[in-house]
Amino acid sequence: MPKRVDHAERRTEIAEALVRVAGRRGLHAVGMREVAAEAGVSLRLVQYYFQTKEKLLLFGLELLTERFGERVSARVRAAGDSPGPRATVEALLRAALPTDDESRTFHHLYTSYAVLAVNDPALAAQPFIKNPDAAEDALTELLRQAQEAALLEPGVDARLEAAGLLAMSAGLGTGILVGQRSPESATAVLDHHLNRIFRAGDAAGRHESAVTTPR
C-alpha cells in the first residue's frame, strides 16, 4: 500500500529548507531550485506546493514567526508562575535580540524580507505578519497593568513607551547582527530604559530566570 503523504509536513520541510538556505546565503539569493536541493526533493514538487517564490518566502517567514512566538512564550514561562509585569516585558523584548542561531536567523530574514518588499510589489502585497500591531498591543497592555499596580513612574504613556521599546529592541537587534554591539550591551540599553519607566521598588517583578535563554 503506498505511503500516505502528509502534505502539511512536506510543506514545513520545504519551508525549513528555505530558512536554512536563506540563513546561509541571504533571502535575496534564494531560488526555488536551491530550496529543492536543500530539501532533497524535486523542483517540480516545490512548485506544486508553493507555485511561486513569493508564496514560498511567505510560508517560510510565517513558520519563523510562529516559532518566534513559541520562543517568547518559553521565556515568559521561564520567568515563573507570577513573574510580574517588568519580568514579562523583559522576556518579550530580550527574546527578540539575536543572541543564538535561531534568533539571528529570524532577525536576519525578517529584516531582509522588509527590505526586499520595498521594491517588490509581489512581496509587499503579502505581508507575513497578519496583525502587525499585536506585539505593540500586548506590550501596551502589560505596561497598563503595571501602571494600575503603581509600578510605573508617573506620567508614563503606555502606548508610546511600548512603541518606543519595540523599535529600540529591533534596532538593537540589528546592531548585534552587524557586530556593532554585543548582546550584553544591548541588554544594558534595554535595562536603562526599563529603569526609567518602572519604579525602583519593582524588584519583586524581576526574576533572573526571565533573562535566561531556555534550552
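Look a little higher up for the structure.
Please read all numbers here as calculations on a predicted model, not as lab measurements.

Analysis parameters
Residues numbered from 1 in each chain as written. Predicted model: local features only at pLDDT ≥ 70, side-chain atom pairs only at ≥ 80, totals over all residues. Heavy atoms only, no water. Helix = DSSP H or I, 4+ residues; strand = E, 2+ residues; numbered from the N terminus. Buried < 20%, exposed > 50% of the residue type's maximum accessible area, 1.4 Å probe, protein only. Contact = heavy atoms within 4.5 Å. Areas by Shrake-Rupley, 256 points an atom, 1.4 Å probe, with all protein chains shown as cover. Salt bridge = Lys/Arg side-chain N within 4 Å of Asp/Glu carboxyl O.

Asks: In this structure, what is going on with the overall build of the protein? I would like to understand it.
Replies: Within the protein, the secondary structure is distributed over ten helices and zero strands. Helices and strands in the protein line up, N terminus first, as α-α-α-α-α-α-α-α-α-α. Put simply, the protein has 215 residues, and 37% of those count as buried. Across the protein, every contact between residues at least 6 apart in sequence was considered, and the portion connecting residues at least 24 apart equals 70%. In the form shown here, the protein has an accessible surface area of approximately 11,800 Å², with 54% of it arising from carbon and sulfur atoms.

Asks: Which parts of the structure should I look at to understand the pattern of salt bridges?
Replies: Note on pairing: side chains with opposite charge can pair once their charged atoms come close. Applying the stated criterion to the full structure yields twelve salt bridges. Where Glu38 meets Arg20, a salt bridge forms, and the shortest distance between an N and an O atom there is 2.8 Å. With a gap of 18 residues between them, Glu38 in helix H2 (residues 32-39) and Arg20 in helix H1 (residues 7-25) connect regions that are remote in the sequence. Taken together, the shared-partner salt bridges in this structure form one network comprising Arg20, Arg24 and Glu38.

Asks: For this particular structure, what's the right way to read unusual backbone geometry?
Replies: In most cases, non-glycine residues show a negative phi, while peptide bonds are predominantly trans. Its identity is not glycine, yet Gln51 carries a phi of approximately 60 degrees, on the positive side. Topologically, Gln51 is positioned in the loop between helix H3 (43-50) and helix H4 (53-78). Here the phi dihedral of Ala150 falls at roughly 60 degrees; this positive angle occurs in a residue that is not glycine. By relative accessible area, Ala150 is classed as partly exposed at 45%.

Remember, this is a structural readout, not a statement about activity or role.
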